[in-house]
Amino acid sequence: MIRFAVIGTNWITRQFVDAAHETGKMKLTAIYSRTLEQAQAFSRDYPVEHFFTSLDRLAQSEAVDAVYIASPNALHCQQALLFLQHKKHVICEKPLASNLREAEAMIACARANQVVLFEAFKTASLPNFHILRQALPKVGKLRKALFRYCQYSSRYQRYLEGENPNTFNPAWSNGSIMDIGYYCLAAAVSLWGEPARVVATASLLESGVDAHGTVVMSYDGFDVTLLHSKVSQSDLPGEIQGEAGSLVIGQLADCQQIHFIPRGAKPQDLSQPQHINTLLYEAETFVRLVEEHAVDHPGLTVTRITAALLTEIRRQTGVVFPADALAVV
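Since this is a predicted model, take the numbers as computed values, not measurements.

(A) Looking closely at the overall build of the chain. Looking only at helices and strands, the chain features 10 helices and 14 strands. Scaling as 2.2 N^0.38, a compact globule of 329 residues should have a C-alpha radius of gyration of about 20 Å, and the chain matches this with 20 Å. Principal-axis analysis of the C-alpha atoms gives the chain an extent of 60 × 45 × 35 Å. For the chain, contacts bridging at least 24 residues in sequence account for 68% of all contacts bridging at least 6. For the chain, the accessible area works out to roughly 14,400 Å², and carbon and sulfur atoms hold 50% of it.

(B) Summary view of the nonpolar core. Ranked by size, the top nonpolar core spans 56 residues in total, and within it Phe 147, Trp 192, Met 217, Val 224, Ile 240 and Leu 247 carry the most contacts. Take this core: its biggest share by element is 10 residues, from helix 8 (residues 181-192). When neighbours within four sequence positions are excluded, Leu 247 is seen to be in contact with Leu 132, Ala 135, Leu 136, Val 139, Gly 238, Glu 239, Ile 240, Ile 258, His 259, Phe 260 and Leu 270. Leu 81, Leu 82, Leu 84 and Val 90 belong to the second largest nonpolar core, which has 31 residues in total.

(C) Region of interest: the sheet that holds strand 10 (residues 223-229). The mixed open sheet is built from eight strands, whose spatial order is 8-9-10-7-11-12-13-14. Edge positions in the sheet fall to strand 8 (197-204) and strand 14 (268-269), since each has one partner strand and no second. Strand direction decides the pairing type here: strand 9 (residues 210-218) and strand 10, joined by seven bridges, are antiparallel. In the strand pairing of strand 10, Ser 218 is matched with Asp 223. In the packing of helix 8 onto the sheet, contacts are made with strand 7 (142-150), strand 9, strand 10 and strand 11 (238-242), and the angle to strand 7 comes to roughly 155°. Across the sheet, helix 10 (residues 299-317) lies against strand 8 and strand 9, angled at about 55° from strand 8, the strand it touches most.

(D) Examining the sheet that holds strand 1 (residues 2-7) more closely. Here six strands make up an open sheet; going across it, the order is 3-2-1-4-5-6 and the pairing parallel. Whereas interior strands pair on both sides, the edge strands pair on one side only; in this sheet they are strand 3 (50-52) and strand 6 (117-120). Across the sheet, the mean angle from the axis of one strand to that of its neighbour is 25°, orientation sign disregarded. Sheet topology places strand 1 next to strand 4 (residues 66-69); four bridges connect them, and they run parallel. What sits directly across from Ala 5, in strand 4, is Val 67.

(E) Fine view of the packing of aromatic side chains. If you walk through the whole model with that rule in mind, you get 16 aromatic pairs. Consider the rings of Phe 118 and Phe 286, whose centres lie 6.3 Å apart with planes at 35°: the pair is tilted. You can see Phe 118 sitting in strand 6 and its partner Phe 286 sitting in helix 9 (residues 280-291), a full 168 residues away along the chain. Phe 286 shares its class with Phe 118; the two are buried. Ring pairs connect the aromatic residues Phe 121, Tyr 149, Tyr 182 and Tyr 183, which therefore count as one cluster.

(F) Layout of helix 6 (residues 127-135). Of the residues making up helix 6, those classed as buried are Pro 127, Asn 128, Phe 129, Ile 131, Leu 132 and Ala 135. Buried-residue contacts for helix 6 involve helix 8, strand 11, strand 12 (245-250), strand 13 (257-262) and helix 9.

(G) Layout of the pattern of salt bridges. For the structure shown, the criterion picks out 14 salt bridges. When the shortest N-O distance is used, the salt bridge between Asp 223 and Lys 144 registers 3.0 Å. Taken together, the residues Asp 223 in strand 10 and Lys 144 in strand 7 connect sequence positions 79 residues apart. Its relative accessible area of 40% is what places Lys 144 among the partly exposed residues.

(H) Structural context of the state of the cysteines. All chains considered together, the criterion is met by zero disulfides. The thiol of Cys 77 is unpaired, and the distance to the nearest cysteine sulfur, on Cys 109, comes to 8.9 Å. Residue Cys 77 is classed as buried on the basis of its relative accessible area, which comes to 1%.

(I) Focus on the packing of helix 1 (residues 11-22) against helix 9. Between helix 1 and helix 9, whose axes approach to 8 Å, the crossing angle comes to 55°. Here helix 9 runs oblique to helix 1, going by the angle between their axes. Considering only the axes of helix 1 and helix 9, their crossing is right-handed. Seen from helix 1, the contacting residues are Phe 16, Ala 19, Ala 20 and Glu 22; seen from helix 9, they are Leu 280, Glu 282 and Ala 283. Per-class residue counts for the contact of helix 1 with helix 9 are five nonpolar, no polar and two charged.

(J) Structural detail: the pairing of strand 10. Most of strand 10 is tucked away: five of the seven residues are buried. By the bridge criterion, seven bridges tie strand 7 to strand 10 in an arrangement that is parallel. Across the sheet, Lys 144 pairs through a bridge with Asp 223, a residue of strand 10. The turn joining strand 9 and strand 10, which pair antiparallel and follow one another in sequence, is formed by four residues; a positive phi near 90° is taken by Gly 221.

Calculation rules
- Residues numbered from 1 in each chain as written.
- Predicted model: local features only at pLDDT ≥ 70, side-chain atom pairs only at ≥ 80, totals over all residues.
- Heavy atoms only, no water.
- Helix = DSSP H or I, 4+ residues; strand = E, 2+ residues; numbered from the N terminus.
- Rg over C-alpha atoms; globule rule 2.2 N^0.38 Å.
- Contact = heavy atoms within 4.5 Å.
- Areas by Shrake-Rupley, 256 points an atom, 1.4 Å probe, with all protein chains shown as cover.
- Core = buried A, V, L, I, M, F, W, Y, C linked by side-chain atoms within 4.5 Å.
- Buried < 20%, exposed > 50% of the residue type's maximum accessible area, 1.4 Å probe, protein only.
- Pairing = 2+ DSSP bridges.
- Axes fitted to C-alpha atoms, helices over the stretch in contact; angles between N-to-C directions.
- Phe/Tyr/Trp six-rings, centres within 6.5 Å; stacked < 30°, edge-to-face > 60°.
- Salt bridge = Lys/Arg side-chain N within 4 Å of Asp/Glu carboxyl O.
- Disulfide = S-S within 2.5 Å.
- Parallel < 35°, antiparallel > 145°, perpendicular 65-115°, else oblique.
- Left-handed = near helix turned anticlockwise from the far one by under 90°.
- Nonpolar A, V, L, I, M, F, W, Y, C, P; charged D, E, K, R; others polar.

This is the structure we're talking about:
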């Protein structure tokens, strides 16, 4: 049984705890929050014995084997390094880090301390994403792919009214490409690896983060276009086009539907039912990595390439975070 703690007590943390318990191999034993009241409030649904308002004390606790980090993006690096240095396995919400420098420091720290570092990118662990990967040869010679994640943010109105929510605040290393655009980017990297070239454009808010943008990734003989937005809505599926047909993906992040459409023929449904809590599969992957002591697992390559591309995309679009100027300690 992997005894784990959580940092962050928001909705995604609850969803992950439920998924972790569903594996039958993880048990929540500790909760960290900035206030004891918040930690205890979270424990009403998940009874635990240990509460922490100090990250240092949590890192030193012998009641914890692993930590799930769901704090704001800008805090991921320093928090993860602390726990990795104390020999705790870490599963950290995506994006793993604010930039490539931070991601490389985190990966190096995990290797030095021989513990698992895992970026919580759920899509790559989904059964239907595996089906998508296996179905790629069906389309024949690959020519184009179009991945979309455009969702009008529930926090955008607060921003328009003069507030500065984390979603649109560069201090927390956020914005459209770092949030939902990440799913499109990391999915492409998971399928095809590092592109030969990337070209990015974006529309920036006055706060300094991107409201929406477009990314074109060039590979050998085909290109992948990513559309991401926090200020508009799209319900169109994603598509992978080849000379023999196309694969159509409903809501890329969750991959609930995968259809193959042969050129000139009827669509074929390749999908299989998935658990209602799609975080179950990333939790199972994390458990397997810990059980196998797979410190140098393949997911780290995807993490590093994605971090490098996020950093380059922000360079091209002019999005700068305070974290970019900070030294990694």
